[in-house]
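Given next are the chains, with one letter for each unit.
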Amino acid sequence: MEVVISRHHHNRAPTASQCSSSVVKHIKAPVDIVWSLIRRFDQPQRYKPFVSRCIVLGDLMIGSVREVNVKSGLPATRSTERLELLDDAERILGVAIVGGDHRLKNYSSVITVHPEVIDGRAGTQVIESFLVDVPDGNTKDETCFFVEALINCNLKSLAEVSERMAMQDLLQV
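Identification of the protein as Abscisic acid receptor PYL8 from Heracleum sosnowskyi is taken from an unreviewed UniProt entry. According to the UniProt record, the Sequence similarities (unreviewed entry) comment for the protein is "Belongs to the PYR/PYL/RCAR abscisic acid intracellular receptor family."

All right, on to the sheet that holds strand β3 (residues 65–70) then. Judged by pairing direction, the sheet is antiparallel, and its seven strands sit side by side in the order β1-β7-β6-β5-β4-β3-β2 without closing on themselves. Two strands close off the open sheet at either side, each with one partner strand: β1 (18–27) and β2 (51–57). Each adjacent strand pair in this sheet contributes to an overall mean axis angle of 25 degrees, direction not counted. Sheet topology note: the strand β6 (residues 108–118)/strand β7 (residues 121–133) ladder contains eleven bridges and is antiparallel. Paired with His 114 across the bridge in β7 is Gln 125. Running over the sheet, helix α2 (residues 31–38) touches β1, β4 (78–87), β5 (92–100), β6 and β7 and is turned about 165 degrees from β6.

A few words on the pairing of β7. For β7, a buried count of ten out of 13 residues is recorded, marking the element as mostly surrounded by other parts of the structure. Two strands pair when backbone bridges link them, and β1 and β7 are joined in this way by ten bridges, in the antiparallel orientation. Among the inter-strand pairings, Ser 22 is bridged to a residue of β7, identified as Ser 129. Where β6 hands over to β7, the hairpin turn is made up of two residues, of which Asp 119 adopts a positive phi near 55 degrees.

The next thing to look at is the side chain of Thr 143. Inspection of the secondary structure puts Thr 143 in helix α3 (residues 140–171). Overall, the relative accessible area of 6% leaves Thr 143 in the buried class. A distance of 3.0 Å separates a polar atom in the side chain of Thr 143 from the backbone oxygen of Thr 139. Leaving out residues up to four positions away in the same chain, Thr 143 has contacts with Cys 19, Val 132, Asp 133, Val 134, Pro 135 and Asn 138.

What follows concerns the nonpolar core. Here is a general trend for soluble globular proteins: nonpolar side chains tend to be buried in one another's company. Judged by nonpolar contacts, the single largest core of 32 residues is most densely connected at Val 34, Ile 38, Tyr 107, Val 126, Phe 130 and Leu 158. Those elements that provide at least two residues to this core are β1, α2, β5, β6, β7 and α3. When residues of this core are assigned to their parent elements, the largest contribution, eight residues, is made by α3. Beyond its immediate stretch of four places on either side in the chain, Ile 38 contacts Tyr 47, Leu 93, Ile 111, Val 113, Val 126 and Leu 158.

Turning next to the packing of aromatic side chains. Scanning the entire structure with this criterion turns up one aromatic pair. When the ring of Tyr 107 is compared with that of Phe 130, the centres are 6.1 Å apart and the planes differ by 10 degrees; the resulting orientation is stacked. Linking Tyr 107 in the loop between β5 and β6 with Phe 130 in strand β7, this pair joins segments that are 23 residues apart in sequence.

Definitions and limits used
- Residues numbered from 1 in each chain as written.
- Predicted model: local features only at pLDDT ≥ 70, side-chain atom pairs only at ≥ 80, totals over all residues.
- Heavy atoms only, no water.
- UniProt positions renumbered as here; feature names shortened; annotations may be inferred.
- Pairing = 2+ DSSP bridges.
- Helix = DSSP H or I, 4+ residues; strand = E, 2+ residues; numbered from the N terminus.
- Axes fitted to C-alpha atoms, helices over the stretch in contact; angles between N-to-C directions.
- Contact = heavy atoms within 4.5 Å.
- Buried < 20%, exposed > 50% of the residue type's maximum accessible area, 1.4 Å probe, protein only.
- Polar contact = N/O pair within 3.5 Å; in protein donor to acceptor, adjacent residues only side chain to side chain.
- Core = buried A, V, L, I, M, F, W, Y, C linked by side-chain atoms within 4.5 Å.
- Phe/Tyr/Trp six-rings, centres within 6.5 Å; stacked < 30°, edge-to-face > 60°.

This is the structure we're talking about:
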């Protein structure tokens, strides 16, 4: 059932002027720890290294909007993002970018989180897929490469934070 749910949420149909891809990361931490970080739409800076600040406008629910400040080093300073999907039972988060001073127009992403066993211990598989318009002056390959690199950086940081939290849990037992 879980594989079917994942395929449904990650199945994207880009138009001729869009690109789509997905990134998979295996994390050596239990799914509950990983999901506790991802599901916090109001605190992406806990694991996203390029986010310096996040303010949610209004109540935290589907349709909520957050204003994200981006650290220097990226071609942007802010992003406005809407929570599209949050399913704690299936561990699915969907976010759309609805504004900001960047070139990621009509960007949407879905992250699914799945338990797995890594080296005989509880681990997690994270899948993040996206769909975005290709900016004028860029190719599909360039756009996908940029977004995939950003997602890979975020997922690498997510793994580091999650694995550190899992190790702290083990040491406290």
